[in-house]
Amino acid sequence: MSSDKRKEDRIDISEDIMFARRSEHPFCYYGGSTLNYSPGGLCFQSRYQAIPGDNLCVRMIGRHLQTYSSLEELTCIAEVRWCTPVGSSDNPAYRIGLYYHGSQIPPLFKP
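These numbers were taken from a predicted model, which means no experiment stands behind them.

Caption draft 1: The arrangement of the confidence of the model for the protein in detail. Of all residues in the protein, 79% attain a pLDDT of 70 or more, and the chain-wide mean is 81. Summarising per-element confidence for the protein, the mean pLDDT is lowest in strand E1 (residues 11–12) (84) and highest in strand E7 (residues 94–100) (94).

See below:
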């Protein structure tokens, strides 16, 4: 997705995340790394493909686990808007664009 289609400015961020499709088993998490975010969404990269329209549970991991008292503060629910391949056939990767669901945006996901 080109930046000229975005409604809001993006802020660069590099954090490790894990995500799960809400339609699958809730403990089937995949890994990824954030690239940027805005008040309306998040862009991250992963070795795992996401399907536009899917709802994902996204959780920040790493250093944040020790500074917050609940997992809800590290988690958001968002819809996959787009998924673009960026890796080679030997090392596939995907950039994934998410749109946050309503007021379910935790402080870590807000600019």
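Caption draft 2: Main features of the pattern of salt bridges. Scanning the model with the defined rule gives two salt bridges in all. Put simply, Arg21 and Asp54 hold a salt bridge, and the shortest N to O gap is 3.3 Å. Of this pair, Arg21 sits in strand E2 (residues 16–21) while Asp54 sits in the loop between strand E4 (41–46) and strand E5 (55–60), and the two are 33 residues apart along the sequence. Glu79 is paired through a salt bridge with Arg81; the nearest N and O atoms lie 3.8 Å apart. For Arg81, a relative accessible area of 46% translates into the label partly exposed.

Caption draft 3: The arrangement of the packing of aromatic side chains in detail. Summed over all chains, the structure comprises three aromatic pairs. Taking the centre distance of 5.6 Å and the plane angle of 40° together, the rings of Phe19 and Tyr30 count as tilted. Residue Phe19 is located in strand E2, and its partner Tyr30 is located in strand E3 (residues 30–37); the two are separated by eleven residues in the primary sequence. Of the two residues, Phe19 and Tyr30, both sit in the buried class. Ring geometry for Tyr30 against Tyr48: centres 4.8 Å apart, planes inclined by 45°, an arrangement best described as tilted. Separated by 18 residues along the polypeptide, Tyr30 in strand E3 and Tyr48 in the loop between E4 and E5 bring together distant segments of the chain. A cation sits over an aromatic face here: Arg81 above Tyr99, 4.2 Å from the ring centre.

Analysis parameters
- Residues numbered from 1 in each chain as written.
- Predicted model: local features only at pLDDT ≥ 70, side-chain atom pairs only at ≥ 80, totals over all residues.
- Heavy atoms only, no water.
- pLDDT = per-residue confidence, 0-100.
- Helix = DSSP H or I, 4+ residues; strand = E, 2+ residues; numbered from the N terminus.
- Salt bridge = Lys/Arg side-chain N within 4 Å of Asp/Glu carboxyl O.
- Buried < 20%, exposed > 50% of the residue type's maximum accessible area, 1.4 Å probe, protein only.
- Phe/Tyr/Trp six-rings, centres within 6.5 Å; stacked < 30°, edge-to-face > 60°.
- Lys NZ or Arg CZ within 6 Å of the ring centre and 35° of its normal.

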